[in-house]
Amino acid sequence: MKPDPEPWYSTTLNVWTLAGVLVASWTLVKTITEGWRRTIGRRRYLTARLRKIAPGVRHDYVESLLGEPQWQSKMECTRLADPEAEDGGRDRGADVTIRTWPLSRLGYLVTWSEDDMVVMYGITTTSWWFRPRVLIDQTLIRLGTSPLAALGKPENHRAWLGNRRYGYLEDHYFGNPGGYRRWYVGVNDFGYNAVPPPPDWLEIDDEGNPRLLPDKEDAYRANVPINTIVISTALYEELQDGRLFGISLGVDQDLVRLTRPEFHVIESGFGRIRRRVGDWRWNRRLRDWRWDRRYSRWEKKAQAMIR
């Protein structure tokens, strides 16, 4: 009998070849996916994760979606008195932890947590490219585009205007159809397309809170877009009297602005190039033109509201 011919293939070699192809394919897919998330797909990637956040979720769950927060602080709050409580409503103190995440320079997420449970969270858009759609009761708005007038009359509102900081917020509540949540929408001075209230449109009410004049409120709400929204199930006295947000609905500009590239203290090659390019005369003219164009756009909005 003739012996069997030698096989033209090697089983061992084919197994290792297949393993190498699988590893190379997995590495390629991971590289492409990571590149997509960091470039053209980062807006959709972040929006998909923000949809999973709601009041009542655990802080660790939010951290699993977006990583560790970049800023964290604490504040003392006072729960609203519950007459049916066994202690008569005496123990009403609450330690609230405030955490802030940058959303890839497209915006910011802020959460307020009590005992590792998120009771409020807010989203601020800082880029024209990041304008997520938000469903408030039966009204669909787009951050950075939809005006305040897209929502009905608010229960309360507050406006402020200082030498450098400004803002506006209003409070909406829809009961059971809105999931017993409160919606705070308004203008953050660090957000995209922010429009400050004109100085002569403000008044101080009996409680010392600044408000828009009644005859100017509709004009401001019709022309100013919403760039910040905060969703809450918390019942704090600081929310009732407006002390919780201070002068920032959502992200605090004074907290996060020092991480912007213009405040960096460690030099880099790219930073040197930017600074040298910035010294060129044509670049200064371009910056001046952009600033004049932005101011002219704001002035036209203000004049339209006055009319």
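Scroll up to find the structure.
Residues numbered from 1 in each chain as written. Predicted model: local features only at pLDDT ≥ 70, side-chain atom pairs only at ≥ 80, totals over all residues. Heavy atoms only, no water.

**Quick notes on the pattern of salt bridges**
Any two side chains of opposite charge can pair, on the condition that their charged atoms come close. The full count for this structure, using the stated rule, is 15 salt bridges. Put simply, Asp 218 and Lys 153 hold a salt bridge, and the shortest N to O gap is 2.7 Å. With Asp 218 in helix H4 (residues 214–223) and Lys 153 in the loop between strand E6 (139–142) and strand E7 (156–161), this pair connects stretches of sequence that are 65 residues apart. Residue Arg 165 pairs with Asp 189 through a salt bridge whose shortest N-O separation is 2.5 Å. Pair noted here: Arg 165 is in the loop between E7 and strand E8 (166–173) and Asp 189 is in the loop between strand E9 (182–188) and strand E10 (202–204), with a separation of 24 residues, a long-range link. Here the two residues Arg 165 and Asp 189 agree in accessibility, since each one is buried. (Salt bridge = Lys/Arg side-chain N within 4 Å of Asp/Glu carboxyl O. Helix = DSSP H or I, 4+ residues; strand = E, 2+ residues; numbered from the N terminus. Buried < 20%, exposed > 50% of the residue type's maximum accessible area, 1.4 Å probe, protein only.)

**Points about the environment of Arg 182**
Mapping Arg 182 onto the fold places it in strand E9. Once residues lying within four places of it in the same chain are set aside, the contact partners of Arg 182 are Glu 155, Asp 171, His 172, Tyr 173, Val 230, Ile 231 and Ser 232. There is a polar contact of 3.0 Å between the side chain of Arg 182 and the side chain of Asp 171. (Contact = heavy atoms within 4.5 Å. Polar contact = N/O pair within 3.5 Å; in protein donor to acceptor, adjacent residues only side chain to side chain.)

**As for the pairing of E7**
Sheet topology places E7 next to E8; 6 bridges connect them, and they run antiparallel. When the sheet's bridge partners are listed, Asn 156 is paired in E8 with Asp 171. (Pairing = 2+ DSSP bridges.)

**Details of the packing of aromatic side chains**
Per the counting criterion, the structure on display carries 5 aromatic pairs. Judged by centre distance (6.0 Å) and plane angle (40°), the ring pair of Tyr 108 and Phe 190 falls under tilted. One end of the pair, Tyr 108, is in strand E3 (residues 107–114); the other, Phe 190, is in the loop between E9 and E10, and 82 residues separate them in sequence. With respect to class, Tyr 108 is no different from Phe 190; both count as buried. Consider the rings of Tyr 184 and Phe 245, whose centres lie 5.4 Å apart with planes at 65°: the pair is edge-to-face. Of the two residues, Tyr 184 is situated in strand E9 and Phe 245 in the loop between helix H5 (237–241) and helix H6 (253–256); the sequence distance between them amounts to 61 residues. The buried category is assigned to Phe 245, whose relative accessible area is 8%. An aromatic cluster is built from Trp 71, Tyr 108 and Phe 190, whose rings are joined through pairwise contacts. (Phe/Tyr/Trp six-rings, centres within 6.5 Å; stacked < 30°, edge-to-face > 60°.)

**A closer look at the layout of surface pockets**
Each pocket or cavity is described by its volume, and for the second largest pocket that value is around 650 Å³. Residue lining of the second largest pocket: 23 residues in total, with Thr 47, Arg 51, Pro 132, Arg 133 and Val 134 positioned closest to the centre. By residue number, the principal contributor to the lining of the second largest pocket is helix H2 (residues 42–50), which donates 4 residues. For the lining of the second largest pocket, a count of residues per class yields 14 nonpolar, 2 polar and 7 charged. (1 Å grid on protein atoms, 1.4 Å probe; cavity = no way out; pocket = protein on both sides within 12 Å on 5 of 7 lines; lining within 4 Å. Points joined across faces, edges and corners; volume = space filled by probe spheres on them. Nonpolar A, V, L, I, M, F, W, Y, C, P; charged D, E, K, R; others polar.)

**Let's talk about a positive patch on the surface**
A cluster of like positive charges, contributed by Arg 43, Arg 44, Arg 51, Arg 131 and Arg 133, occupies part of the molecular surface. Along the chain, the position of Arg 133 falls in strand E5 (residues 133–136). A residue is classified by how much of its surface remains accessible, and Arg 133, at 55% relative accessible area, is exposed. (Patch = residues over 30% accessible without salt bridge, like charges linked within 9 Å, V, L, I, M, F, W, Y side chains within 5 Å. Areas by Shrake-Rupley, 256 points an atom, 1.4 Å probe, with all protein chains shown as cover. Lys, Arg positive; Asp, Glu negative; His and termini not counted. Charge placed at Lys NZ, Arg CZ, Asp CG, Glu CD.)

**Some remarks on unusual backbone geometry**
At Asp 115, a residue that is not glycine, the phi angle is positive and equals roughly 55°. The class for Asp 115 is exposed, based on a relative accessible area of 72%. Although it is not a glycine, Tyr 180 adopts a positive phi angle of roughly 55°. With respect to the element layout, Tyr 180 can be found in the loop between E8 and E9. The class for Tyr 180 is exposed, based on a relative accessible area of 52%.

**What about the side chain of Arg 260?**
One can find Arg 260 in the loop between H6 and helix H7 (269–279). For Arg 260, a relative accessible area of 18% gives the class buried. One polar contact links Arg 260 to Tyr 108, side chain to side chain, over a distance of 3.3 Å. Setting aside anything within four residues of it in sequence, one finds Arg 260 in contact with Arg 105, Tyr 108 and Phe 190.

**Considerations on the nonpolar core**
Ranked by internal contacts, the top residues of the largest apolar core, which has 36 residues, are Ile 53, Leu 109, Ile 123, Ile 136, Tyr 220 and Ile 229. Those elements that place two or more of their residues in this core are H2, helix H3 (59–66), strand E4 (117–125), E5, E8, E9, H4 and strand E12 (228–232). Ile 136 has contacts with Ile 141, Leu 151, Phe 174, Trp 183, Val 185 and Ile 229, leaving out every residue within four places of it along the chain. Within the second largest apolar cluster, 23 residues are counted, among which are Cys 77, Leu 169, Tyr 184 and Val 230. (Core = buried A, V, L, I, M, F, W, Y, C linked by side-chain atoms within 4.5 Å.)

Function-wise, these values are silent; they only describe arrangement.
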